[in-house]
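# Coordinates in review
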Amino acid sequence: MLTLTPGQLSLSQLRSIATRFTPIGLPPASKLAVDAAARTVASIVAAGKPAYGINTGFGLLARIHIPEEQLEQLQTNLVRSHAAGTGPLLDDATVRLILALKIASLARGHSGVRWELLESLVALYNAQVWPCIPSQGSVGASGDLAPLAHLALAAMGEGSVRVGGEVMPASEGLRRSGLRPIQLGAKEGLALLNGTQVSAGIALMSLFAAEQAFAAAVLAGALTVDAACGSDTPFDERIHTLRGQPGQIYVAKLYRDLLAGSAIRESHRFDDARVQDPYSLRCQPQVMGACWDVLGQSARTLLIEANAVSDNPLLFPDTGEVLSGGNFHAEPVAFAADQIAIAVSEIGALSERRIALLVDAHLSGLPAFLVSNPGINSGFMIAHVTAAALASENKTLAHPASVDSMPTSANQEDHVSMATFAARKAGDIVTNVRRIVAIELLAACQGIDFRRPLRSSRQLEQAFEQVRMRVPRYDVDRYFAPEIAAADAWIAGGGVAALVRTEFVD
């Protein structure tokens, strides 16, 4: 069992949740804080003192006082009315991460929910009953209201869930799993709906996928250096120490280690007429290192957000106060997601340029389009066109979502972050880049084949063998799309990351 210690989640725990299902639990000590906040809510209700979201309406309706006997209906109505999302459903892994983030945030003890509600959410998670959450409908402020409403609605036994890949009414999914629908108390619907867990969860999924794409791009880039008979001099430690950029220094070492001992490199170390390689080979540490630094900043921001209390209003049981603020505004998440999008787009742009280099016989010294008998065979011609198309898409997708705002709720919510869209499109970019890099891996291995009998380094030969286990050498034109998909699946499945470790740590 994975224990979710409120406020102390780690990137490795979050990555594990995103990757595979493991039952979760909360530390017993967190019950004390949760119970204290719940008692604060109960005392406010008993006193009849107006407190936003507890015994009032919402948004511009906050001036309307709601009598005690209608508070449960108030919270139920809130969830039903806010479950207005649209678009494709989020996948199970993303929903799993979102639900874990919501549980951990509520367990901090500042949201005013009862411990019984948290127990119900944990049971929902452990039964693998995943709420069906539409991916569109949040502007990333006042919380991810619509998508989180779909999560809460499913826990209430309404809406839809997915169990074992099958979509069904939530009431049926709960019944099959032996779970009872939750009955919301004062403040609980609002606590479930407010928060940045959807935008943060999707952004974290994009970050973890970006780690895989980054590792694959470093590996593909090193293979391309050897396939194109490039130089390893640009990776010399002394060059990067003089600049001092930490990501650049780190990435240069990755390339040095990958290329160390390559017989292909030694074959042209001397008497090579070329003085310098094109930027797509030579400047890999500078570009990829900068991308690594930006992704690292995003990882730090998202880890903080994963541990945050981001609903509203917040309870402070030590003083009995209820404070209204704006922790639900997802601007930090929006910036982090946009940074991921920009950095990963650059990774793909650089990879596409290396593919272009490999298929160009004048630059690479390899057969045109990496195939014997070019002319009758087109080889990697259109595979490169596919990579170019994906790289071009990314240029539009990388435009920051966080610079936009669309006022909502009759201008009460007059500036929003668009964090959820930022996180979604960051994931789209990562998928595109992973496929660009998959094409480069195939192209680079094809280039290595043409350098035989010379061999590359031990690590790159190991990677070469992994690719060839999935995709044979390209001798004559054949149906190519499934082979690109096979390389893409290898990257997405973590196969490359097992060879090149580039995960962020806490």
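As the structure is a prediction and not an experimental result, all values here were calculated from the model.

## Observations concerning the state of the cysteines
For the coordinates displayed, the defined rule picks out zero disulfides. Cysteine Cys-283 remains unbridged, with the sulfur of Cys-291 as its closest cysteine sulfur at 13 Å.

## Focus on the packing of helix α15 (residues 331-359) against helix α18 (residues 419-450)
Viewed as axis vectors pointing N to C, α15 and α18 meet at an angle of 20°, and their least axial separation amounts to 8 Å. Relative to α18, the element α15 lies roughly parallel. Relative to α18, α15 is oriented so that their crossing is left-handed. For the contact of α15 with α18, the residue count by class is 21 nonpolar, three polar and five charged.

## Structural notes on the packing of aromatic side chains
Working definition: an aromatic ring pair is given by the centre-to-centre distance plus the angle between the planes. Considering all chains together, one arrives at nine aromatic pairs under this definition. The ring of Phe-464 is capped by Arg-452, whose NZ or CZ atom sits 4.7 Å from the centre of that ring. Lying over the aromatic face of Phe-450, Arg-473 brings its terminal NZ or CZ to 4.8 Å of the ring centre.

## Describing the side chain of Glu-211
Looking at the secondary structure, you find Glu-211 in helix α9 (residues 197-227). By relative accessible area, Glu-211 is classed as buried at 5%. Ignoring sequence-local partners within four residues, the contact set of Glu-211 consists of Arg-15, Thr-502, Glu-503 and Phe-504.

## Quick look at the side chain of Asn-394
Within the secondary structure, Asn-394 sits in helix α17 (residues 381-397). Classification of Asn-394 as buried rests on a relative accessible area of 0%.

## Points about the pattern of salt bridges
Throughout the structure, instances matching the rule amount to 24 salt bridges. A salt bridge links Asp-35 to Lys-31; the shortest N-O distance between them is 2.6 Å. In this pair, Asp-35 and Lys-31 are both assigned in helix α2 (residues 30-47), four residues apart and thus about one turn of the helix distant. Among the residues examined, Lys-31 registers a relative accessible area of 34% and is labelled partly exposed. Here Asp-488 and Arg-434 are joined by a salt bridge, their closest N and O atoms 2.5 Å apart. Residue Asp-488 is located in helix α20 (residues 481-492), and its partner Arg-434 is located in helix α18; the two are separated by 54 residues in the primary sequence. A relative accessible area of 13% means that Arg-434 is categorised as buried.

## Some details on the sheet that holds strand β4 (residues 130-131)
With antiparallel pairing, three strands are arranged side by side in an open sheet as β4-β6-β7. Each of the sheet's edge strands pairs with one partner strand only, and the pair in question is β4 and β7 (166-169). For strand β6 (residues 160-163) and β7, the ladder comprises four bridges, and the chain directions are antiparallel. What sits directly across from Val-161, in β7, is Met-168.

Calculation rules
- Residues numbered from 1 in each chain as written.
- Predicted model: local features only at pLDDT ≥ 70, side-chain atom pairs only at ≥ 80, totals over all residues.
- Heavy atoms only, no water.
- Disulfide = S-S within 2.5 Å.
- Axes fitted to C-alpha atoms, helices over the stretch in contact; angles between N-to-C directions.
- Helix = DSSP H or I, 4+ residues; strand = E, 2+ residues; numbered from the N terminus.
- Parallel < 35°, antiparallel > 145°, perpendicular 65-115°, else oblique.
- Left-handed = near helix turned anticlockwise from the far one by under 90°.
- Nonpolar A, V, L, I, M, F, W, Y, C, P; charged D, E, K, R; others polar.
- Phe/Tyr/Trp six-rings, centres within 6.5 Å; stacked < 30°, edge-to-face > 60°.
- Lys NZ or Arg CZ within 6 Å of the ring centre and 35° of its normal.
- Buried < 20%, exposed > 50% of the residue type's maximum accessible area, 1.4 Å probe, protein only.
- Contact = heavy atoms within 4.5 Å.
- Salt bridge = Lys/Arg side-chain N within 4 Å of Asp/Glu carboxyl O.
- Pairing = 2+ DSSP bridges.

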